[in-house]
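Okay, here's what each chain looks like letter by letter:
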Amino acid sequence: MRPPSVNDLALRIADVGLPHPLLVIAARAAIAAGDPDSAADEAHRLRRSLLGPAVNATGVLLHTNLGRAPLGHQHSRVPLGNQHSQALLDLEHDSAVRFSNLEFDLASGRRGSRTTHASLLLATLTGAEAALVVNNCAAAVTLVLAALARDRGVAVSRGELVEIGGGFRVPEVMEQSGARLVEVGTTNRTRAADYLAAAERDDVALLLKVHPSNYRITGFTEEADVADLAKIGPPVVSDLGSGLLDERCDWLGQRPDWLADEPGARQTLAAGAALVTFSGDKLMGGPQAGIICGRADLIAACAAHPLMRAFRPGSLVLDALQSVALAYLRRDADAIPFWRMARVPVEELAQRAEALGVGRPSRTTALAGAGSLPGQEIPSAGIELDGDYAAALRAFDPPVIARVNEQTTVIDLRTVDPADDAVVAAAVRQALSQQ
Ligand SMILES: *Cc1c(COP(=O)(O)O)cnc(C)c1O
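Residues numbered from 1 in each chain as written. Predicted model: local features only at pLDDT ≥ 70, side-chain atom pairs only at ≥ 80, totals over all residues. Heavy atoms only, no water.

### Quick word on the overall build of the protein chain
Item 1. Each helix and strand counted, the protein chain has 17 helices and 16 strands in total.
Item 2. Counting only C-alpha atoms and orienting by the principal axes, one finds that the protein chain spans roughly 80 × 60 × 55 Å.
Item 3. In the protein chain, once contacts between residues fewer than 6 apart in sequence are set aside, the share between residues at least 24 apart is 69%.
Item 4. Put simply, the protein chain shows about 21,400 Å² of open surface, and 52% of that area lies on carbon and sulfur atoms.
Item 5. Considering the protein chain, the positive charge centre built from 41 side chains and the negative charge centre built from 51 side chains are found 4 Å apart. (Helix = DSSP H or I, 4+ residues; strand = E, 2+ residues; numbered from the N terminus. Contact = heavy atoms within 4.5 Å. Areas by Shrake-Rupley, 256 points an atom, 1.4 Å probe, with all protein chains shown as cover. Lys, Arg positive; Asp, Glu negative; His and termini not counted. Charge placed at Lys NZ, Arg CZ, Asp CG, Glu CD.)

### Looking at the site of the ligand
Item 1. As a matter of local geometry, the ligand sits amid Arg-68, Asn-136, Cys-137, Ala-138, Ile-164, Phe-168, His-211, Ser-213, Asp-239, Gly-241, Ser-279 and Lys-282.
Item 2. Contacts to the ligand include Ala-138, whose backbone N or O atom sits 2.8 Å from an oxygen atom.
Item 3. One of the side-chain N or O atoms of Lys-282 is found 2.8 Å from an oxygen atom in the ligand.
Item 4. In the complex, 93% of the free accessible area of the ligand, which totals 390 Å², lies under the protein chains.
Item 5. Residue assignment for the shell around the ligand shows that the elements contributing at least two residues are helix H6 (137-149) and strand S9 (236-241).
Item 6. Residues that form the shell around the ligand fall into these classes: four nonpolar, five polar and three charged. (Near = heavy atom within 4 Å. Polar contact = N/O pair within 3.5 Å; in protein donor to acceptor, adjacent residues only side chain to side chain. Nonpolar A, V, L, I, M, F, W, Y, C, P; charged D, E, K, R; others polar.)

### Digging into the domain arrangement of the protein chain
Item 1. Each domain of the protein chain was delimited in the assignment, giving domain 1 (6-49), domain 2 (55-69 + 344-433) and domain 3 (113-335).
Item 2. Using C-alpha coordinates to define each centre, domain 2 is positioned 32 Å away from domain 3.
Item 3. Listed by partner, the interface residues are twelve residues for domain 2 and 16 residues for domain 3.
Item 4. A per-residue breakdown of the area domain 2 buries against domain 3 is headed by Arg-68, Leu-373 and Pro-374, which together make up 42% of the total.
Item 5. The interface formed by domain 2 and domain 3 includes one salt bridge.
Item 6. A salt bridge links Asp-281 to Arg-68; the shortest N-O distance between them is 3.0 Å. (Domains from an automatic or database assignment. Buried area = accessible area lost by both parts, 1.4 Å probe. Salt bridge = Lys/Arg side-chain N within 4 Å of Asp/Glu carboxyl O.)

### Digging into the sheet that holds strand S5 (residues 130-134)
Two strands in a sheet stick together by hydrogen bonds in their backbones, pointing the same way (parallel) or opposite ways (antiparallel).
Item 1. Spatially, seven strands are ordered S5-S11-S10-S9-S8-S6-S7 in an open sheet, and the strand pairing comes out mixed. The outermost strands of the open sheet, each flanked by one partner alone, are S5 and strand S7 (180-184). Direction aside, neighbouring strands of the sheet carry axes that sit 25° apart on average.
Item 2. When S9 meets strand S10 (residues 275-279), the two strands line up parallel, connected through four bridges. Bridging from a neighbouring strand, Asp-239 pairs with Thr-277 of S10. (Pairing = 2+ DSSP bridges. Axes fitted to C-alpha atoms, helices over the stretch in contact; angles between N-to-C directions.)

### Brief notes about the sheet that holds strand S13 (residues 372-386)
Item 1. Reading across the sheet, the five strands line up as S2-S12-S13-S16-S15 and stay open at both edges, with mixed pairing between neighbours. The sheet is open, and its two edges are formed by strand S2 (60-62) and strand S15 (403-405), each paired on a single side. Taking the axes of each pair of neighbouring strands and ignoring which way they run, one obtains an average angle of 40° across the sheet.
Item 2. The sheet contact formed by strand S12 (residues 360-369) and S13 spans nine bridges and is antiparallel.

Okay, here's the thing in structure tokens:
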């Protein structure tokens, strides 16, 4: 029997719901594999390889493979105040198509700057003079080095020449930016005097501190305070990475224990850093972005650098970031999914685990994740299943991502939105029934 034509086969699997050209790819793959009957499976596989939602039941709040900080869908538009007439309020509507004032100055009607919207909000949140948003923290560090230290020295402790993950290695970023690495101190101990000696001996444009996000050096160790470095002379840049805006955590009411001694952007600037850099999608809980806050003249130099054109984020990111920044300013932690999930009382999670009606309710430990706060556990609750059901849960639609410890599948509810509890229960029932 002759194999069916690619086009006929693609038409036969149309109910998978993919556009025809993608069905053709699936059909062709099935025919090439000598198994035309597998075309629908191929198409389903292709459909699942597209970007889509996943239920994070790992207990890792900032899961690097699941998009780091969870995002809510909301517009960042500030509602009109009550000084406006009802007629104006009636005009508030959500049209299906949206332009924005991304680069339009509404006061003058002329071209504006896409960096001004977020700048005021982020500067207010961190006590900085100014702020700038780029695509991620790696871009933020690269831009700072390129704009402020090209062909000049940057002093970094030998204990902070780190790899953050995903290929972000401080010495390589330095090289790419055109700055020259000036190593100071030793792996375990670096003092302010080491930076001072480098600044006296060498042409040092910046003193760079890199927060050891994903590792700890313990034992016979010493590192220099930002406050001491600030007295030396060259601007101090602190790459915080994790992006806790303010150690006081006003948006939570109180600082949770698991934040341990994580430095805040506001406190690092107050201690004398000229600039701080951090990710938007780690402890800040926003979209993928890199944020530079600090001295206005240095921010202006970064904004004017040609690399800024390549690193600038689009309006989707700036819109999401603005909405998160406004939530912080309102002290509305519940509007930021990361903080909403992080602060749910463990008893509430335990009740939800009972209510699922599947598996064995158990206490678990969640983590901040994304290399932030290594070793800091967040008390949590969920269910356990005897055996490894990770693949079966992943196969559910939408996929449920769990973790497996020594043949026990752990489903942690700290990272699951309550609206997805029913999905989790259904996925578990299906996984158990397929045994
Ligand atoms: C995570 C991290 C980065 C990289 O941030 P991205 O936003 O992923 O580019 C850089 N520096 C530090 C200290 C980090 O923790």
